[in-house]
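What follows is each chain in one-letter form.
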Amino acid sequence: MDKVIIAPSILSADFSNMGSAVREIENAGADWVHADVMDGRFVPAITFGPKMIGDLRVFTKIPFDVHLMIEEPEKHIAAFADAGADYITFHAEASIHQHRLVQEIHNLGKKCGISIVPSTPVSLIDCMLQFVELVLIMTVNPGAGGQKIIMPCFEKIETLMRIRKERNLNFLISVDGGINEANAPLARNAGADILITGSAFFNAHDKKSFLETLRCTNCR
Ligand code: DX5
Ligand code: ZN
């Protein structure tokens, strides 16, 4: 994909004012809203569930990219689909029957993403790549915003680019964790189609120009 998709994460927003955070994301010119769901089990932190997605859905028309950092994702996908998620991404490490889960997400009429944490190799999801619309590469250990990026994870983006080309597949490559103005061009050049940005977006004074910088006309 030539045009980058930028998805600010509401994890770094003020949780008492999420509606205006979503409006701010759309008004700044972002493409998607990224929503990080944490259960206190797959990751130590707890954030929010499907009700939050449903309540926020009315604040924008841009797609909701729901990133499930939860155990037993199969128990909750219907609720997130009903709430208005457009993409539902689960962690490969949290699901034994990944193919069944992808089918269930598709049967709910949603696009499906699969994600891996920094310690998981691309080979773990190799046979799932043909079935998903999105692959999310975590470049920090999941569970919190504002962490420093783990740069060697970019090699996984390059591996996915190569596999996608070789097998003529269509999944989008998403990168999540520690993305900022300095490393966004590297992520894009490695092959990322989607840049997720939490703390860097919400800390930026001028969010429009921050997004323009991230769009990085010079790369690719
Ligand atoms: C981390 C989340 C990320 C997080 C990114 O567990 O999956 O989406 O919000 O935040 P930054 O950009 O601050 O690393
Ligand atoms: Zn995320």
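That block above? That's the structure.
Reading guide: rules and limits
- In every chain, residue numbers begin from 1 and rise along the written sequence.
- Chain A is the first chain written and ligand 1 is the first ligand written, with later ones labelled in order.
- Per-residue local features are limited, in this predicted model, to residues with pLDDT of at least 70; the limit for side-chain atom pairs, both in listing and counting, is 80 or more; totals at the level of whole chains, interfaces and linings are taken over all residues.
- Side-chain numbers come from the whole structure's heavy atoms, not from hydrogens or water.
- We call a residue near a molecule or strand whenever a single non-hydrogen atom of that residue lies within 4 Å of it.
- We define a polar contact as two N or O atoms separated by no more than 3.5 Å, with the added condition that, inside protein, one atom must be a possible hydrogen donor and the other a possible acceptor, whereas residues neighbouring each other in sequence contribute only through side-chain atom pairs.
- Buried and open spaces are told apart on a 1 Å grid over the protein atoms alone, a cavity being a set of points where a 1.4 Å probe fits but cannot get out and a pocket being an open set with protein on both sides within 12 Å along at least five of seven lines. Residues with an atom within 4 Å of a point are the lining residues.
- Just a note on the criterion: a molecule sits in a pocket or cavity if more than half of its atoms are within 2 Å of the grid points.
- A helix here means a DSSP run of H or I that spans at least four residues, while a strand means a run of E at least two residues long, and both kinds are numbered starting from the N terminus.
- Under the scheme applied here, ten amino acids are nonpolar (Ala, Val, Leu, Ile, Met, Phe, Trp, Tyr, Cys and Pro), four are charged (Asp, Glu, Lys and Arg), and all others, including Gly, are polar.
- Each residue's exposure class comes from its accessible area (1.4 Å probe, protein chains only) as a fraction of the maximum for that residue type: buried when under 20%, exposed when over 50%, partly exposed otherwise.
- Paired strands are those between which DSSP finds at least two bridges.
- Orient the strands so they point away from the viewer, and a crossover whose first-strand-to-second-strand path over the helix runs clockwise is right-handed.
- In what follows, residue pairs with any heavy atoms lying within 4.5 Å of each other are defined as contacts.

S.K.: Just checking my understanding: could you explain the site of ligand 1 for this structure?
M.R.: Taken together, the neighbourhood of ligand 1 is formed by 20 residues, with Asp36, Gly146, Asp176, Gly178 and Ser199 sitting nearest. Residue Ser9 places a side-chain N or O atom 2.9 Å away from an oxygen atom belonging to ligand 1. Here an oxygen atom of ligand 1 and a side-chain polar atom of Asp176 are 2.7 Å apart. Judged by the fraction of its atoms near the pocket grid, ligand 1 is located in the largest pocket. Within the residue set of the shell around ligand 1, elements represented by two or more residues are strand E2 (33-38), strand E3 (64-69) and strand E8 (194-197). Ranked by residue count, the leading element in the shell around ligand 1 is E2, at three residues. Of the residues that constitute the shell around ligand 1, the class distribution is seven nonpolar, 11 polar and two charged.

S.K.: Can you help me understand the pairing of strand E5 (residues 111-116) in this one?
M.R.: Along any regular strand the residues' side chains alternate between the sheet's two faces. Among the six residues in E5, five count as buried, and that is most of the element. Two strands pair when backbone bridges link them, and strand E4 (residues 87-91) and E5 are joined in this way by five bridges, in the parallel orientation. In the sheet register, Thr89 faces E5, and the bridge partner there is Gly113. At this point the chain moves from E4, through helix H4 (residues 98-107), to the parallel E5, and the crossover so formed is right-handed. Of the pairings in the sheet, the one linking E5 to strand E6 (residues 134-138) comprises four bridges and is parallel in character. Following the sheet pairing, Ile114 is matched in E6 by Val135.

S.K.: Just to check I follow, could you spell out the side chain of Thr47 for this structure?
M.R.: In this structure, Thr47 sits in the loop between E2 and helix H2 (50-57). Within polar-contact distance, the side chain of Thr47 engages the backbone oxygen of Asp36 at 2.7 Å. Within the local environment of Thr47, its side chain forms a polar contact with the backbone nitrogen of Met38, the two atoms lying 2.9 Å apart. For Thr47, the contacting residues outside a window of four places in its chain are Leu11, Phe15, Asp36, Val37 and Met38.

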